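# Notes for the structure review
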Amino acid sequence: MPSQAVLRALGERVKLGILVFNGKLEVSIANKLVRDLFGVDEAGSTGLARSLEALLPPFALPQSREAGTWIGSLPIGEQVITVQLHHHAEAGTEAFLATFQQLEGPEDYERELQQRHAELRQAYLRLNGTQEKLLQSEKMASIGQLAAGVAHEINNPIGYVHSNLGSLQEYLRSLFTVIESYERALRAPDPKAQIPEIDDIRNRLDIDFISRDLPQLMAESREGIERVTRIVRDLKDFSYSGRDESWKLVDLHAGLESTINIIWNELKYKVTLERRYGELPMIECLPSELNQVYMNLLLNAGHAIAERGNIVVSTGVDGDEVWVEFQDDGAGISADLRQRIFDPFFTTKPVGSGTGLGLSISYGIINKHHGRIDLDSTVDEGSRFRVVLPIRQPK
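Residues numbered from 1 in each chain as written. Predicted model: local features only at pLDDT ≥ 70, side-chain atom pairs only at ≥ 80, totals over all residues. Heavy atoms only, no water.

## Quick word on the overall build of the chain
Here is the rule we go by: Strands here mean DSSP runs of E at least two residues long; helices mean DSSP runs of H or I at least four residues long; both are numbered from the N terminus. Burial status follows relative accessibility: with a 1.4 Å probe on protein chains alone, a residue under 20% of its type maximum counts as buried, one over 50% as exposed, and anything between as partly exposed. Computed with a 1.4 Å probe, the accessible areas rest on the Shrake-Rupley method; for each residue, only the protein chains presented here act as cover.
Counting its secondary structure elements, the chain contains 11 helices and 12 strands. Taking all 395 residues of the chain together, the buried fraction comes to 38%. Carbon and sulfur atoms provide 54% of the accessible area of the chain, an area that totals close to 23300 Å².

## Quick word on the nonpolar core
Condition: We call a set of buried Ala, Val, Leu, Ile, Met, Phe, Trp, Tyr and Cys residues a nonpolar core when their side-chain atoms join them within 4.5 Å. Pairs of residues are marked as contacts when any of their non-hydrogen atoms sit within 4.5 Å.
Counting residues in each nonpolar core, the largest one holds 39 residues, and the members touching the most others are Leu 252, Leu 290, Ile 311 and Phe 326. Looking at this core, the element that brings in the most residues is helix H9 (residues 287-304), giving 8 residues. Those residues within four positions of Ile 311 in sequence are excluded, and the remaining contacts are Val 271, Thr 272, Leu 273, Glu 274, Leu 298, Ala 301, Gly 302, Ile 305, Gln 327 and Asp 328.

## Points about a nonpolar patch on the surface
For clarity, the cut-off: Patches here are clusters of residues that have more than 30% relative accessible area and form no salt bridge, with a 9 Å joining cutoff for like charges and a 5 Å cutoff for nonpolar side chains (Val, Leu, Ile, Met, Phe, Trp, Tyr). By convention in these notes, a salt bridge is any Lys or Arg side-chain nitrogen within 4 Å of a carboxyl oxygen on Asp or Glu.
Where nonpolar side chains cluster on the molecular surface, the patch consists of Val 6, Leu 7 and Leu 10 and spans about 240 Å² of accessible area. Position of Val 6 relative to the elements: it lies in helix H1 (residues 4-13).

## Section: the sheet that holds strand E11 (residues 372-378)
Two strands in a sheet stick together by hydrogen bonds in their backbones, pointing the same way (parallel) or opposite ways (antiparallel). We apply this condition: Paired strands, as defined in this entry, are two strands with at least two bridges between them according to DSSP. Axis definition: a line fit to C-alpha positions, over the contact stretch in the case of helices; interaxial angles, taken between N-to-C directions, run 0 to 180 degrees.
Spatially, the 5 strands line up as an open sheet ordered E7-E9-E10-E12-E11, and their pairing is mixed. The strands lining the two open edges of the sheet, one partner per strand, are strand E7 (271-276) and E11. Put simply, the sheet's adjacent strands are angled 15° from each other on average, direction ignored. With respect to the sheet, helix H8 (residues 252-267) is in contact with E7, strand E9 (309-318), strand E10 (321-328) and strand E12 (382-390), its orientation differing from that of E7 by roughly 175°. Set on the sheet, H9 makes contact with E7, E9, E10 and E12; between it and E10 the angle comes to about 25°.

## Focus on the sheet that holds strand E1 (residues 17-22)
With antiparallel pairing, the 5 strands of this open sheet are ordered in space as E2-E1-E5-E4-E3. Strands at the two margins of the open sheet, each flanked by one partner only, are strand E2 (27-30) and strand E3 (69-76). This sheet shows a mean twist of 20° between the axes of neighbouring strands, independent of strand direction. Where strand E4 (residues 79-90) meets strand E5 (residues 93-102), 10 bridges bridge the pair, whose relative direction is antiparallel. By the bridge assignment for E5, Ile 81 is matched with Gln 102. Here helix H3 (residues 48-55) sits on the sheet in contact with E1, E2, E3 and E5, set at roughly 100° to E1.

Next comes the structure, spelled out in structure tokens:
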């Protein structure tokens, strides 16, 4: 094992600046290139790690601890220096190795810029993929929380369709009985002689009532099936992952109604919903993502209402922008909380009833659409969230 003196001597021969220090920023090796770079002599090299820490971005040391390496460029004096920071931990101790290389010419600068650009692009792609996964996870978590209500909304029409099919089975049996009596009459030598028997069967089976009730029964059954079809279609559209979704011109009101249809069971027992829709043009957007914003804002409005209250959904046009507004008369939001409600994982709901990501993700979606979310709230009076979107996305 080479001694500390041998390692220092080797470090002096390397054509890179070398700085070795521990987690307490105590320097063990600082070669001449590093000392010259920072303008200190050998006696002053003990403070080099703290000087480096002051120059590094705040995430450099934590990233090197987590990933093992951080690479970046630093302006030191009039020079631009490439820094590679490596971390190693063992038996409760940690050590850092920082190497420094000066960029001396245009080719070095261009090569460094290309490398940084490639690294930034990879980081952006990873971040974008993580955001998409987070968006879809939050969407599916919301559907999971609404699952019982959606099942109830589907179960109700399925229940009366099932009941109507039972009635229809009885009605068909009665109708076939009447048809058989008509067939016997047609085969008899004197069909008119069978009229009293036919009338008796019709009265006993109440055919007049069946003829009046059957169209209504079929209409109710069709309405129930259409209700289930709408819920399933809206649920499918809502849960659709937007990875391959393209920007398109859509009717915002259709998205609002689709979202309300999904979450209505969550609201209907304590909320009176009023719609004040204006005339809106077709909007260029990602409809699946906007539906998630509507759902988050509507559910939050419902949760802000303790027992019974009102939610007003309004829309309108202002110049080359449209707005969708959700106003409730619930508990309101205090001034200190208004500063934090869009922060990731911040929630005022009890543990297990919210992820704290709904408003944060909504803010990101609207920002992606080059829009904004305005908030006006008064404690004990209610809140008003207004989503403002451009009619056409900037090129």
